[in-house]
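Architecture and fold: a report
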Amino acid sequence: MSVIVSPSVLSADFANLQRDIEMLNGSEAEWIHIDVMDGVFVPNISFGFPVLSAIKKHAKKVCDVHLMITNPQPYIKQFREAGADVITIHYEAVTHLDSIINEIKNTGAKVGVALNPATPVSVLKEVIHLLDVVLIMSVNPGFGGQKFIPYAVNKVQECMLLIGSSGSKALIEVDGGVGLNNAAELIAAGANVLVAGNAVFGSADPLQTIRQIKNATK
Ligand code: DX5
Ligand code: ZN
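Below you will find a few notes about this structure.

Rules used in this analysis
- Residues numbered from 1 in each chain as written.
- Chains lettered and ligands numbered in written order.
- Predicted model: local features only at pLDDT ≥ 70, side-chain atom pairs only at ≥ 80, totals over all residues.
- Heavy atoms only, no water.
- Phe/Tyr/Trp six-rings, centres within 6.5 Å; stacked < 30°, edge-to-face > 60°.
- Axes fitted to C-alpha atoms, helices over the stretch in contact; angles between N-to-C directions.
- Helix = DSSP H or I, 4+ residues; strand = E, 2+ residues; numbered from the N terminus.
- Parallel < 35°, antiparallel > 145°, perpendicular 65-115°, else oblique.
- Left-handed = near helix turned anticlockwise from the far one by under 90°.
- Contact = heavy atoms within 4.5 Å.
- Nonpolar A, V, L, I, M, F, W, Y, C, P; charged D, E, K, R; others polar.
- Buried < 20%, exposed > 50% of the residue type's maximum accessible area, 1.4 Å probe, protein only.
- Pairing = 2+ DSSP bridges.
- Right-handed = clockwise from strand over helix to strand, strands pointing away.

Notes on the packing of aromatic side chains
Evaluated as defined, the whole model comprises 3 aromatic pairs. Here the aromatic cluster, defined as three or more aromatic residues joined through ring pairs, consists of Phe49, Tyr75 and Phe79.

This is the structure:
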């Protein structure tokens, strides 16, 4: 299976969101990455339910919702109803991880857990078999356009080992500072899903950039 590209609409033109979603519909990206930020878990506020619903109305791709919010549990059902196909919560933002994983699964959505750069992959040992996605953050979450943290590559490899030893079918997603300069290395390390915001929307030819990320080889 080739890598899935999940362009992050955090870098889209919010005044022309429908145009940008339609561009992605016509691209080789299989997922659309939607970053929800609360100004508490991360030092930035992005958008919430109304914007997700508006994207869902036009999107023909999987809506990959990354929740950078403290205590997301009360809002899971509402994110599912607003159109999330994949719901990823942060390990660092929840107290009862097993409980929220099951709550997400019960909505019918795919479930992901994201790890900040300094959080080791080993914290997922007991729950890895329950997950559809492990999201390895390769920047400190909060903003698009940040510099890639190189040790995230080692975490992708560690995650591969954990998945292999547990029989889990989880996909490994990498988010932050991903682009043409590191896509091949991440794919070689075992990444299955690459999030790209600035690299796609800052490109003169986003469709070509998506294709190049998807086909990057070392
Ligand atoms: C960062 C977000 C990312 C961000 C990626 O907190 O989770 O999804 O949009 O943007 P780039 O690819 O520009 O680093
Ligand atoms: Zn994200």
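Thoughts on the packing of helix H1 (residues 17-25) against helix H2 (residues 49-58)
Relative to each other, H1 and H2 sit at 45°, their axes nearing to 9 Å. The pairing of H1 with H2 is recorded here as oblique in orientation. Taken as a pair, H1 and H2 cross one another with a handedness that is right-handed. From H1, Leu17, Gln18, Ile21, Glu22 and Asn25 reach across to H2, where they touch Val51, Ile55 and His58. Looking at the contact of H1 with H2 residue by residue, the class counts come to 4 nonpolar, 3 polar and 1 charged.

Things to note about the pairing of strand S7 (residues 171-175)
The element S7 is largely enclosed, with a buried count of 5 among its 5 residues. Of the two faces of S7, the one lined by Leu171, Glu173 and Asp175 and the one lined by Ile172 and Val174 are each fully buried. With 5 bridges connecting them, strand S6 (residues 133-137) and S7 associate as parallel partners. By the bridge assignment, valine 134 is partnered in S7 with isoleucine 172. In the classification by handedness, the crossover that spans S6, the intervening helix H5 (residues 152-166) and the parallel S7 is right-handed. As paired elements, S7 and strand S8 (residues 193-196) share 2 bridges and run parallel to each other. Each bridged residue has a counterpart across the sheet, and for valine 174 the counterpart in S8 is leucine 194. Of the crossover connections in this fold, the one passing from S7 over helix H6 (residues 183-189) to the parallel S8 is right-handed.

Spatial relationships are all this shows, so hold off on functional conclusions.
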